[in-house]
Amino acid sequence: MAPSDTRSGADAPTTPAQALGVATALFERLHADGIAYCLWKSNEHLSAAMTGATDLDVLVDRDAALRMGGLLSELGYKRVTATPRHAYAGIEDYLALDRPTGRLAHLHLHYQLTLGEKNVKGYRLPWEDLVLDSRVLNREYGVFTTEPTLELVLLVVRSALRLRTRDMVSGNREAPAFRDAGRREFEWLVAQTDQARVRELTERLLGPAAAAALAAMLHRPPTIGSLYAFRRLILPAFADFRIYGRLRALRYRWSRELALRWEKARRRLLGFPRPYKHTLPRGGLIVVFVGCDGSGKSTVTREITRWLSWKLDVAQLYFGSGNGPA
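Residues numbered from 1 in each chain as written. Predicted model: local features only at pLDDT ≥ 70, side-chain atom pairs only at ≥ 80, totals over all residues. Heavy atoms only, no water.

## Focus: the overall build of the protein chain
This is how the line gets drawn: Counting from the N terminus, the helices are the DSSP runs of H or I reaching at least four residues and the strands are the DSSP runs of E reaching at least two. Radius of gyration: C-alpha atoms only; globule rule: 2.2 Å multiplied by the number of residues to the exponent 0.38. Remark: exposure states derive from per-residue accessible area (1.4 Å probe, protein chains only) relative to the maximum for the residue type, with buried under 20%, exposed over 50%, and partly exposed in between. For this analysis, residues touch if any pair of their heavy atoms sits within 4.5 Å. Exposure was quantified through the Shrake-Rupley algorithm and a 1.4 Å probe, taking into account, for residues, occlusion by the shown protein chains and nothing else.
Helices and strands together make up the secondary structure of the protein chain, namely 12 helices and 10 strands. By the compact-globule yardstick of 20 Å for 326 residues, the protein chain fits well, its C-alpha radius of gyration being 22 Å. Counting only C-alpha atoms, the protein chain reaches 70 × 50 × 35 Å along its principal axes. When the 326 residues of the protein chain are sorted by exposure, 45% land in the buried category. Excluding contacts between residues fewer than 6 apart, the proportion of contacts in the protein chain whose partners are at least 24 apart in sequence is 70%. On the protein chain, roughly 17,300 Å² of surface is accessible, and the fraction owed to carbon and sulfur atoms is 53%.

## Focus on the side chain of Asp 93
Where we set the bar: In this charge count, Lys and Arg are treated as positive and Asp and Glu as negative; neither His nor the chain ends contribute. What counts as a salt bridge is simple: a side-chain nitrogen of Lys or Arg found within 4 Å of a carboxyl oxygen of Asp or Glu. Counted as a polar contact is a pair of N or O atoms within 3.5 Å, where, for protein atoms, one must be capable of donating a hydrogen and the other of accepting one, and residues adjacent in sequence contribute only when both atoms are in side chains.
Position of Asp 93 among the secondary structure elements: in strand β4 (residues 91–98). Buried Asp 93, no salt bridge; nearest opposite-charge side chain is Arg 79, N-O distance 6.5 Å. Separated by 2.8 Å, the side chains of Asp 93 and His 106 make a polar contact. Among the polar contacts made by the side chain of Asp 93, one reaches the side chain of His 108 at a distance of 2.9 Å. Ignoring any residue separated from it by four or fewer positions in sequence, one finds Asp 93 in contact with Lys 78, Arg 79, Val 80, Ala 82, His 106, Leu 107, His 108 and His 278.

## Describing the packing of aromatic side chains
Think of a pair of aromatic rings as described by two things: how far the centres are apart, and how the planes are tilted against each other in angle. Stated precisely, the cut-off is as follows: The criterion for an aromatic pair is that two Phe, Tyr or Trp rings (for Trp, the six-membered ring) have centres within 6.5 Å, with stacked assigned to planes under 30 degrees apart, edge-to-face to planes over 60 apart and tilted to the rest. In this scheme, Lys NZ or Arg CZ marks a charge over a ring once it lies within 6 Å of the ring centre and within 35 degrees of the ring normal.
Taken as a whole, this structure holds 4 aromatic pairs when the rule is applied. For the pair Tyr 37 and Phe 144, a centre-to-centre distance of 5.7 Å together with 70° between the ring planes defines the contact as edge-to-face. Taken together, the residues span a long stretch of sequence, with Tyr 37 in strand β1 (residues 37–39) and Phe 144 in strand β9 (residues 143–145) at a distance of 107 residues. The class for Tyr 37 is buried, based on a relative accessible area of 0%. Look at Phe 178 and Phe 186: their rings are 5.1 Å apart centre to centre, the planes differ by 25°, and that puts the pair in the stacked class. Each of the two residues, Phe 178 as well as Phe 186, counts as buried. Pairwise contacts between aromatic rings join Phe 27, Tyr 37 and Phe 144 into one cluster. Note that Lys 121 overlies the ring of Tyr 88, its terminal NZ or CZ placed 5.3 Å from the centroid. Stacked on the ring of Tyr 37, the Lys or Arg Arg 135 has its end atom at 5.6 Å from the ring centre.

## Re the environment of His 106
Inspection of the secondary structure puts His 106 in strand β5 (residues 103–110). For His 106, a relative accessible area of 1% corresponds to the buried category. Along the backbone, His 106 and Gln 18 are 88 residues apart, and their C-alpha atoms lie at a distance of 16 Å. Residues within four places of His 106 in sequence aside, it is in contact with Asp 55, Leu 56, Asp 93, Tyr 94, Leu 95, His 278, Trp 310 and Lys 311.

## Examining the pairing of strand β2 (residues 56–60)
Where we set the bar: DSSP-based pairing: two strands are paired if at least 2 bridges between them are found.
Among the 5 residues of β2, 5 are classified as buried, and the element is accordingly described as predominantly covered. Because side chains alternate across β2, one face comprises the buried residues Leu 56, Val 58 and Val 60, and the other comprises Asp 57 and Leu 59, equally buried. As paired elements, β1 and β2 share 3 bridges and run antiparallel to each other. Residue Leu 39 lies in a different strand from β2, and its bridge partner there is Val 58. With 4 bridges connecting them, β2 and β5 associate as parallel partners. Within the sheet, the bridge partner assigned to Leu 59 lies in β5 and is His 110.

## Topic: the pattern of salt bridges
With the rule as written, the count across this model stands at 12 salt bridges. Note that Arg 158 is salt-bridged to Glu 185, the shortest N-O span being 3.8 Å. With Arg 158 in helix α5 (residues 148–162) and Glu 185 in helix α7 (residues 181–191), the pair connects residues that are 27 residues apart, well separated along the chain. Residue Arg 158 is classed as buried on the basis of its relative accessible area of 8%. Here Glu 200 and Arg 197 are joined by a salt bridge, their closest N and O atoms 2.6 Å apart. Of the two residues, Glu 200 and Arg 197 are both situated in helix α8 (residues 195–206); the distance of 3 residues between them amounts to about one turn of the helix. Residue Glu 200 is classed as partly exposed on the basis of its relative accessible area, which comes to 40%.

Structure, rendered in structure tokens:
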């Protein structure tokens, strides 16, 4: 299953001009240092990740964790901290400024495959070595991505473990499980894989019943009901890989969900500048724009706030005597 250039850090071709320099520099350095990595999900829109329109989800060999810290610092990546209600085990966040374009690159650095229900991610899939050993080189961007057959299995497993009981109670069982971008990603992966190979891999990882259920999805895209049935089939395989017990996971999910709703309401109604996205572990900064009336302070402040608010918490304050949020 493993191609000859999997963990060797093989030379990569020149990347397209539209890719962010900070992104290409990162992967070139990983190749040069022989660090095993893989963009492990959502590779249907790899171009969006490489150009900074969305996040880079990179799985890295856990043994390289200490080296990664120094490497990222050298390349200008700054560690940012997710708020407690958005933090998950085995995932670190970094931001880097691509100076030629002025865009921010957001790196999700994964040392393990943590996934599951929204606001919990209560499972750790023991497939990290399999993903890294079977990775393939994307020739367009010169980066390693998940082998399509395995990525398809991962997509369906991720989607199944994300389902909640309320999705079955409140939703239509015959409604499509994948919509819009999710459907495009599913269809893109199906088109790149061999059905027999998908069934063989799924049976090896999850058993014959799950393999038969996933094979049926290749002919008819899954509904909420069929994906929930698939979830019941695969849960025994992950029983020993739950991060939380059932009751604790339920309490954790509800407490996080209620707290997040309260934070959104408080920000909307009271405007409290409380952290909601990411903060800097060494503390934030106060940036002051001073100028005479009509010099463009409000415009500059608004644009800087919009630029940074993509991933960071930004509180905009006004100390003038005219209109503005004091």
